[in-house]
Amino acid sequence: MTDWTTNSQYSERSEWVTIHGALLRSSVDFTIPDSTSTLLSWNKEEYNTEGSSLHSTSTLPSRITIPLGSEYNYAQFFANVVWDTNSTGIRSIEIYKNGAGSSILPRVQGPGTNGHQCMVSSPIPINPGDYFEVVVYQNSTVSVTIFAATDRTYFGIRLYKPI
């Protein structure tokens, strides 16, 4: 995978801006139990420009936390999951803010036949200490796998600050 933050092919182009944020993945698949809202944890970072104050792979690895003293005032979130084949029931993916669903963050729900679910939020206001997590749900009557090791399951944030 190309590292867009350091790739010299792109870094010399003046129209590119500095990326602030993180792109998180997991090296292991997730088993999602039937009829249970489940937090996803992320043990790999493609990049993390803010260090462990934004995300840690060992302490609360499900969370992206806006660092205390942060100069950022808006963030955009994106997430994608790849479900194993099972046509029974529904699948959903949602981004929680501070431990609960939020009307300003997306929630995607669809039939079990939809193997991919992707979401992108609009930039939303944030405060230092806010934290965000991906929560998934399925009700197929059995556990269903989310394929994480494919690199197509991820969670990310773009941070914006005033000029």
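Residues numbered from 1 in each chain as written. Predicted model: local features only at pLDDT ≥ 70, side-chain atom pairs only at ≥ 80, totals over all residues. Heavy atoms only, no water.

Asker: Can you walk me through unusual backbone geometry in this structure?
Answerer: Working note: non-glycine residues mostly have negative phi, and peptide bonds are mostly trans. Located in the positive-phi region is Ser 35, a residue other than glycine, with phi close to 55°. Here Ser 35 is to be found in the loop between strand 2 (30–32) and strand 3 (38–39). Since its relative accessible area comes to 41%, Ser 35 is described here as partly exposed. Of note in the backbone geometry, Thr 141 takes a positive phi value of approximately 85° without being a glycine. Locating Thr 141 in the fold gives a position in the loop between strand 11 (131–138) and strand 12 (144–146). (Helix = DSSP H or I, 4+ residues; strand = E, 2+ residues; numbered from the N terminus. Buried < 20%, exposed > 50% of the residue type's maximum accessible area, 1.4 Å probe, protein only.)

Asker: Teacher, can you tell me more about the nonpolar core here?
Answerer: Generally speaking, nonpolar side chains in soluble globular proteins are found buried as a group. Counting residues in hydrophobic clusters, the biggest one holds 30 residues, and the most contacted among them are Leu 40, Phe 77, Phe 132, Val 136, Phe 155 and Ile 157. Contributions of two or more residues to this core are made by strand 1 (21–25), strand 2, strand 6 (74–82), strand 7 (90–97), strand 11, strand 12 and strand 13 (154–160). Among the elements that take part in this core, strand 6 stands out by supplying 4 residues, more than any other. Not counting the four nearest positions on each side in its chain, Phe 77 is found in contact with Ile 95, Leu 105, Met 119, Val 120, Ser 121, Ile 124, Phe 132, Phe 155, Gly 156 and Ile 157. (Core = buried A, V, L, I, M, F, W, Y, C linked by side-chain atoms within 4.5 Å. Contact = heavy atoms within 4.5 Å.)

Asker: So what exactly am I meant to see when it comes to the side chain of Thr 153 here?
Answerer: Position of Thr 153 relative to the elements: it lies in the loop between strand 12 and strand 13. A distance of 3.2 Å separates a polar atom in the side chain of Thr 153 from the backbone nitrogen of Val 82. Of note is the side chain of Thr 153, whose polar atom sits 2.6 Å from the backbone oxygen of Phe 147. The residues touching Thr 153, leaving out its near neighbours within four places in the chain, are Leu 24, Arg 25, Phe 30, Trp 42, Asn 80, Val 81, Val 82, Ile 146, Phe 147 and Ala 148. (Polar contact = N/O pair within 3.5 Å; in protein donor to acceptor, adjacent residues only side chain to side chain.)

Asker: I tried to follow the confidence of the model for the chain on my own but got confused; where do I start?
Answerer: The predicted coordinates of low-pLDDT regions are not to be read in fine detail. Taken residue by residue, the chain gives an average pLDDT of 88. The fraction at 70 or more is 89%. No element of the chain has a lower mean pLDDT than helix 1 (residues 8–11), at 49, and none a higher one than strand 5 (residues 64–65), at 98. (pLDDT = per-residue confidence, 0-100.)

Asker: Sorry if this is basic, but what is going on with the side chain of Ser 70 here?
Answerer: By the secondary structure assignment, Ser 70 is in the loop between strand 5 and strand 6. A distance of 3.1 Å separates a polar atom in the side chain of Ser 70 from the backbone nitrogen of Tyr 72.

Asker: Sorry if this is basic, but what is going on with the pattern of salt bridges here?
Answerer: Should the charged atoms of two oppositely charged side chains come close, the side chains can pair. Counted according to the given criterion, the structure contains 7 salt bridges. The salt bridge involving Asp 151 is made with Arg 25; its shortest N-O contact spans 3.9 Å. Remark: Arg 25 occurs in strand 1 and Asp 151 occurs in the loop between strand 12 and strand 13; sequence separation between them is 126 residues. Asp 151 sits in the partly exposed class, given a relative accessible area of 28%. Across the pair Asp 130 and Lys 97 runs a salt bridge, and its minimum N-O distance is 3.8 Å. Remark: Lys 97 occurs in strand 7 and Asp 130 occurs in the loop between strand 10 (124–125) and strand 11; sequence separation between them is 33 residues. (Salt bridge = Lys/Arg side-chain N within 4 Å of Asp/Glu carboxyl O.)

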